Amino acid sequence: MLEPPESHVIHTDRRKERSVFKNFIGGEWMEGVAINRNINPSNLDDLVGEYARADEAQAQHAIDAAFDAQQTWQRSTAEERADAMDRIGTELLARREELGRLLSREEGKTLPEGIGEVTRAGRVFKFFSGEALRLGGERLPAIRAGVDVDVHREPEGVIGIITPWNFPIAIPAWKIAPALAYGNSVVFKPADLVPGSAWALAEIIVRAGKLPPGVFNLVMGAGSQVGNAMVKSPKVRAVTFTGSTGTGRRIGLDCMERGAKVQLEMGGKNPLVIVNDADLDVAVSVAINGSFYSTGQRCTGSSRLIVEDGIHDRFVAAMVEKLSALRIDDALQPGTDIGPVVSQDQLDQDLSYIESARSEGGRVVFGGDLLQRATAGHYLSPALITDTENAMRINREEVFGPVASVIRVRDYEEAVAVANDTVFGLSSGICTTSLKHATDFKRRSTAGMVMVNLPTAGVDYHAPFGGRKGSSYGPREQGSYAREFYTSVKTTYTLA
């Protein structure tokens, strides 16, 4: 386990002392008002660590510190920011196995997935090291003689960053890196379920990045206090949020009411279309990966499997055979394919959706059962549900667990119509050997990201990420498109 520096030891009484991982505010590690006990979902007897929880007053302290530091940081050179991002990325990559183990231990995704996520975070910082130097402008011809027109980008100011639990290092990285690279200061609030990964990332950012005090702030705590302070503060010029649809909408309304910039990544109910001409082995592999890996806890996961009648029965039989061979166990155990659900609350939600599908006529052909393993944990066998209709609750709402439903359709045209019949629009996919179907689906899908013969989950760190309809609001994340959110365009006119 990562150990906090000596300065993080809080003396709780005369008989004992307890090491608590603190918040980082205004260049100092600070105690909180309460303690968050971080429990391993693979082993409920394993305490990952204890982490400070801030209140609204401490969140405001962080906002004030970021606001003051912004005045200096925005005048730093692109090379200074680039070097800082490069140092952070280098350390993340060097420590990917250690940090990946911590991530898997607290979140529950398998160790290879945890290591892969840390690797991605390191690559993100490396990418934005380069982007800091590539942020350009343009000179336009004026319509008046003797006038120069210049367009360039400036940092927005203080950025409030609120992240979810399912990607506890990658998502913070792809928000924090561009914010800092483009000259903004940051107040970062991670999800309560995964403070360990957030703290480890923050410690690297402030130490390896060698950032001036106040430029980066870590404030762990409840969204109702810490998050609310960030969303409501006039000193926070922009808020980027990834999480539930309901919370995202409230944040969006609060930000728009005071004229702040907002970027929202919310839910998904992503379709994977399997047409009759699909390669069956490819289709099953794509569906298993997209629906069940990372315990199905991905906003881009394939939760609706839309299957043409001609291949339906063979596809379902092959899926059951493949699922039967998967190993569900401790995330850190070698050979584990699927780890535990992240928490008891999430497990209860998954089970309630499975029962809802049954009550509406769905048939659970595999899984959906609680499992016992060597250690007590939130283990659930991946559930495959057939005989479902697109109007069922299981196909309208985001489950966010190892649960996938199958919808049988008559033909390709019905498959496209069903795929698009959702309030969400994050990711979609199709498995086909037909160039005609692939080309047509890429054009007609109403999702922000479309995959052909690939899992709906899994994107590159240098490409834009985001959806349409109820899934996303505001500019895209990742890649060079990130500049649209983290910078503001300024046009200047000069009489020559």
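Everything here concerns the structure above.
Quick caveat, the model's predicted, so the values are computed rather than measured.

## Some details on the packing of helix 3 (residues 96–107) against helix 4 (residues 111–134)
In step 1: One way to put it is that helix 3 packs onto helix 4 with a least axis distance of 7 Å and a crossing angle of 120°. Compared by their axis directions, helix 3 and helix 4 come out oblique. Where helix 3 crosses over helix 4, the two elements pack in a sense that is right-handed. Note on element contacts: helix 4 touches helix 3 through Leu111, Gly114, Ile115, Glu117, Val118 and Thr119, opposite Arg96, Glu97, Leu99, Gly100, Arg101, Leu103 and Ser104.
In step 2: Here the residues of the contact of helix 3 with helix 4 sort into five nonpolar, four polar and four charged.

## Notes on helix 11 (residues 344–359)
In step 1: Its 16 residues place the ends of helix 11 22 Å apart at the C-alpha level, agreeing with the 22 Å of an ideal helix rising 1.5 Å per residue.
In step 2: Downstream of helix 11 by one or two residues, Gly361 has phi in the positive range, about 105°.

## A closer look at the sheet that holds strand 19 (residues 427–431)
In step 1: Ordered by their spatial adjacency, seven strands build an open sheet running 16-17-18-15-14-19-20, and the pairing between neighbours is mixed. In this open sheet, the two edge strands, each paired with only one partner strand, are strand 16 (363–366) and strand 20 (449–452). Looking at each pair of strands side by side, their axes are set apart by 25° on average, direction ignored.
In step 2: Here three bridges tie strand 17 (residues 383–386) to strand 18 (residues 403–409), and the two strands are oriented parallel to one another. Paired with Leu384 across the strands is Ala404, a residue of strand 18.
In step 3: Against the sheet, helix 9 (residues 280–292) engages strand 14 (270–274), strand 15 (302–308), strand 17, strand 18 and strand 19, with an angle of about 155° to strand 15.

## Digging into the side chain of Thr110
In step 1: Structurally, the position occupied by Thr110 is in the loop between helix 3 and helix 4.
In step 2: Those residues in contact with Thr110 that lie beyond four places of it in its chain are Ser104, Ala331, Thr336, Asp337, Ile338 and Gly339.

## Focus on the pairing of strand 17
In step 1: Neither face of strand 17 is left uncovered, since the one carrying Ala383 and Ile385 and the one carrying Leu384 and Thr386 both have all their residues buried.
In step 2: With three bridges connecting them, strand 16 and strand 17 associate as antiparallel partners. Paired with Phe366 across the strands is Leu384, a residue of strand 17.

## A short note on the nonpolar core
In step 1: In terms of nonpolar packing, the biggest core is built from 66 residues, with Phe125, Ile176, Leu180, Ile205 and Phe216 touching the most fellow members.
In step 2: Aside from chain neighbours lying at most four places away, what touches Ile205 is Ile88, Phe125, Ile176, Leu180, Lys210, Leu211 and Phe216.
In step 3: Core analysis: the second largest hydrophobic core is formed by 27 residues, Ala278, Ile311, Leu326 and Leu384 among them.

## What about the environment of Ala78?
In step 1: Examined against the element boundaries, Ala78 turns out to sit in helix 2 (residues 78–94).
In step 2: Sequence-distant contacts of Ala78, that is, excluding residues within four places in its chain, are made with Ala132 and Leu133.

## As for the sheet that holds strand 22 (residues 487–495)
In step 1: One open sheet accounts for three strands, arranged 7-8-22; its pairing is antiparallel. Edge strands, defined here as strands with exactly one partner in the open sheet, are strand 7 (138–140) and strand 22. Ignoring strand direction, the axes of neighbouring strands in this sheet form an average angle of 25°.
In step 2: With nine bridges connecting them, strand 8 (residues 147–155) and strand 22 associate as antiparallel partners. Opposite Val147, over in strand 22, you have Leu495 as the bridge partner.

## Structural notes on the packing of aromatic side chains
In step 1: Tallied over the full model, the rule gives eleven aromatic pairs.
In step 2: Geometrically, the ring pair formed by Phe128 and Tyr182 is edge-to-face, given 6.2 Å between the ring centres and 85° between the ring planes. Separated by 54 residues along the polypeptide, Phe128 in helix 4 and Tyr182 in the loop between helix 5 (170–181) and strand 10 (185–189) bring together distant segments of the chain. Accessibility classification places Phe128 together with Tyr182 in one group, the buried group.
In step 3: Measuring from centroid to centroid gives 4.9 Å for Phe485 and Tyr486, while their planes differ by 90°, and the two rings are edge-to-face.
In step 4: Look at Phe485 and you get buried, because its relative accessible area is 0%.
In step 5: Judged by relative accessible area, Tyr486 falls into the buried class, the value being 1%.
In step 6: Through successive ring pairs, a cluster of aromatic residues spans Phe21, Phe24, Trp29, Tyr51 and Trp199.

## Considering the pattern of salt bridges
In step 1: Scanning all chains against the criterion turns up 28 salt bridges.
In step 2: Residues Asp64 and Lys235 are paired through a salt bridge, measuring 2.9 Å at the closest nitrogen-oxygen approach. On the criterion of sequence distance, the pair formed by Asp64 in helix 1 (residues 56–73) and Lys235 in the loop between helix 7 (223–232) and strand 12 (236–242) is long-range, its members being 171 residues apart.
In step 3: A residue is classified by how much of its surface remains accessible, and Asp64, at 26% relative accessible area, is partly exposed.
In step 4: Classification of Lys235 by relative accessible area gives partly exposed; the value is 27%.

The rules behind each value
Residues numbered from 1 in each chain as written. Predicted model: local features only at pLDDT ≥ 70, side-chain atom pairs only at ≥ 80, totals over all residues. Heavy atoms only, no water. Axes fitted to C-alpha atoms, helices over the stretch in contact; angles between N-to-C directions. Helix = DSSP H or I, 4+ residues; strand = E, 2+ residues; numbered from the N terminus. Parallel < 35°, antiparallel > 145°, perpendicular 65-115°, else oblique. Left-handed = near helix turned anticlockwise from the far one by under 90°. Contact = heavy atoms within 4.5 Å. Nonpolar A, V, L, I, M, F, W, Y, C, P; charged D, E, K, R; others polar. Expected span 1.5 Å × (residues − 1). Pairing = 2+ DSSP bridges. Buried < 20%, exposed > 50% of the residue type's maximum accessible area, 1.4 Å probe, protein only. Core = buried A, V, L, I, M, F, W, Y, C linked by side-chain atoms within 4.5 Å. Phe/Tyr/Trp six-rings, centres within 6.5 Å; stacked < 30°, edge-to-face > 60°. Salt bridge = Lys/Arg side-chain N within 4 Å of Asp/Glu carboxyl O.

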